[in-house]
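An overview of the molecular structure
Next come the chains, spelled out residue by residue.
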Amino acid sequence: MKLVRAKAQLRDELAGAHGRGETIGLVPTMGALHEGHLALLAAARERCDVVVMSLFVNPAQFRPEEDLDAYPRDEERDAELARVAGVDVLFAPAVDEIYPEGFATAVEVGGPLTSVLDADPERRGRGHFSGVTTVVAKLFNMVEPDLAFFGQKDAQQALVVERMARDLDFAIEIVVVPTVRAPDGLALSSRNAYLSAADRPRAAALSRALVAAERAAQGGSGLAEALAAARGELEAAAIEPEYLEARDAETLAATDNFNGRPVLLALAARIGPARLIDNLVITPPDRVAGPGD
Ligand code: AMP
């Protein structure tokens with residue numbers, strides 16, 4: 001595995017692979033690697049000749065009051081995990097390599113994908129996603145991958161990146177990898193490190209809530225009832241969600257029923273110092289058409 005810090009070095013490193021027409025896969029990360037990241041790397045390893053992982057804690061996607069300084073960093077450990085996972089090139093630039101003096105451009109997806117859920121101005125806001133799409137667009141230009149891998153854990157982020165890639169004609173296949181969970185259901189996240197020993201078991205209520213909603217839906221309940229089942233699980237763990245919403249899984253348009261399209265059930269909650277998000281896509285079984293349908 002080659003560790004590179006500079007854009008020019010990255011280009012040099014990949015020139016041969018591009019010349020030979022090899023398939024290049026990019027896995028963008030902010031480090032503090034866990035099994036979720038490793039699933040992305042495994043998917044990339046399986047589909048690509050060359051796997052590039054970026055490790056960059058992107059200041060542009062943090063709000064001033066967020067955890068940029070506290071964000072867990074351990075490059076040595078990450079590099080070793082990346083090597084074992086079969087990464088060919090680890091790109092770990094300094095902040096001024098990505099945002100040099102005078103940097104003044106942003107890539108921003110507009111519309112509903114960046115105005116709801118985490119993009120609500122009261123929450124992380126559109127600026128968070130603009131920070132993500134700006135750095136991802138830059139990485140796409142630097143690496144010129146054939147495929148790029150993102151996690152379903154950050155469902156809204158994956159949709160926003162897909163939109164950006166389509167809108168800006170990046171000829172890159174966006175692969176979305178299923179969420180990897182701890183045995184008790186908690187979605188793995190670098191931010192789980194902020195959970196205290198007392199809060200860690202409580203955090204499992206987030207995924208229990210989503211599963212309760214899914215069960216209700218599979219059992220024939222409507223969306224309101226399914227959401228109530230989820231709310232019940234959260235209440236039992238004394239968790240007040242920042243949001244718990246059902247939206248069209250592709251457009252993020254609000255939905256108040258299961259109308260045959262997949263529904264994204266998304267939630268965010270603060271547990272102690274950790275702000276955690278999770279989601280599940282629910283596709284209720286086809287209803288038997290009845291009179292009036
Ligand atoms: P991060 O380092 O948190 O920015 O995440 C880097 C990539 O890993 C993003 O595409 C995330 O969606 C993905 N990811 C994070 N956690 C998980 C998880 N538990 N399962 C699958 N993918 C994940």
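In case you missed it, the structure is sitting above this.
First things first, this report covers the structure right here in the doc. (Residues numbered from 1 in each chain as written. Predicted model: local features only at pLDDT ≥ 70, side-chain atom pairs only at ≥ 80, totals over all residues. Heavy atoms only, no water.)

Bringing the sheet that holds strand S4 (residues 89–91) into the picture now. Neighbouring strands of a sheet are bound in pairs by backbone hydrogen bonds; such pairs are parallel or else antiparallel. Strand order across the open sheet formed by 6 strands is S1-S4-S3-S2-S5-S6, with parallel pairing between neighbours. Across the chains shown, the open sheet's two edge strands, defined by having one partner strand only, are strand S1 (2–4) and strand S6 (173–177). In this sheet, neighbouring strand axes are inclined to one another by 25° on average, regardless of whether the strands run parallel or antiparallel. (Pairing = 2+ DSSP bridges. Helix = DSSP H or I, 4+ residues; strand = E, 2+ residues; numbered from the N terminus. Axes fitted to C-alpha atoms, helices over the stretch in contact; angles between N-to-C directions.)

Among the structural elements, Arg-208 can be located in helix H7 (residues 199–218). Overall, Arg-208 belongs to the partly exposed group, its relative accessible area being 39%. For the pair Arg-208 and Asp-184, spaced 24 residues apart in sequence, the C-alpha to C-alpha distance is 8.7 Å. (Buried < 20%, exposed > 50% of the residue type's maximum accessible area, 1.4 Å probe, protein only.)

On to the sheet that holds strand S7 (residues 241–248). In spatial order, the strands read S7-S8-S9; together these 3 strands make up an open sheet with antiparallel pairing. Bordering the open sheet on either side are S7 and strand S9 (274–282), each of which pairs with just one other strand. The sheet shows a mean angle of 10° between the axes of neighbouring strands, direction not considered. Relative to S7, helix H8 (residues 223–236) is tilted by about 155°, and along the sheet it contacts S7 and strand S8 (263–271). (Contact = heavy atoms within 4.5 Å.)

Close to the ligand lie 17 residues, the nearest being Met-30, His-37, Asp-154, Val-180 and Leu-188. Separating an oxygen atom of the ligand from a side-chain N or O atom of His-37 is a distance of 2.8 Å. The separation between a nitrogen atom of the ligand and a polar main-chain atom of Leu-188 is 2.9 Å. Protein chains bury 93% of the 490 Å² of accessible surface belonging to the ligand in isolation. Of all elements in the fold, only strand S2 (24–29), helix H2 (35–47) and strand S5 (147–151) reach the threshold of two or more residues within the shell around the ligand. In terms of residue count, the dominant contributor to the shell around the ligand is H2 (3 residues). (Near = heavy atom within 4 Å. Polar contact = N/O pair within 3.5 Å; in protein donor to acceptor, adjacent residues only side chain to side chain. Areas by Shrake-Rupley, 256 points an atom, 1.4 Å probe, with all protein chains shown as cover.)

Moving on to the pairing of strand S3 (residues 50–55). Counting buried residues in S3 gives 6 out of 6 residues, a clear majority hidden from the surface. Both faces of S3 are covered, namely the face carrying Val-50, Val-52 and Ser-54 and the face carrying Val-51, Met-53 and Leu-55. Note: S2 against S3, 6 bridges, orientation parallel. Along S3, the bridge assignment pairs Thr-29 with Leu-55. The handedness of the S2 to S3 crossover, carried by H2, is right-handed. With 3 bridges connecting them, S3 and S4 associate as parallel partners. Looking across to S4, one finds that Met-53 is bridged to Leu-90. (Right-handed = clockwise from strand over helix to strand, strands pointing away.)

Now for the pattern of salt bridges. Any two side chains of opposite charge can pair, given that their charged atoms come close. Under the criterion given, the structure shown has 23 salt bridges. Note that Glu-13 is salt-bridged to Lys-2, the shortest N-O span being 4.0 Å. In this pair, Glu-13 is assigned in helix H1 (residues 7–19) and Lys-2 in strand S1, connecting sequence segments 11 residues apart. Classification of Lys-2 by relative accessible area gives partly exposed; the value is 42%. The shortest N-O distance in the salt bridge between Arg-47 and Glu-173 comes to 3.0 Å. Placement of Arg-47 in helix H2 and of Glu-173 in strand S6 is noted, with a sequence separation of 126 residues between them. Relative accessible area serves as the criterion here: at 40%, Glu-173 is assigned to the partly exposed category. What emerges from the salt-bridge pattern is a single network uniting Asp-118, Glu-242 and Arg-275. (Salt bridge = Lys/Arg side-chain N within 4 Å of Asp/Glu carboxyl O.)

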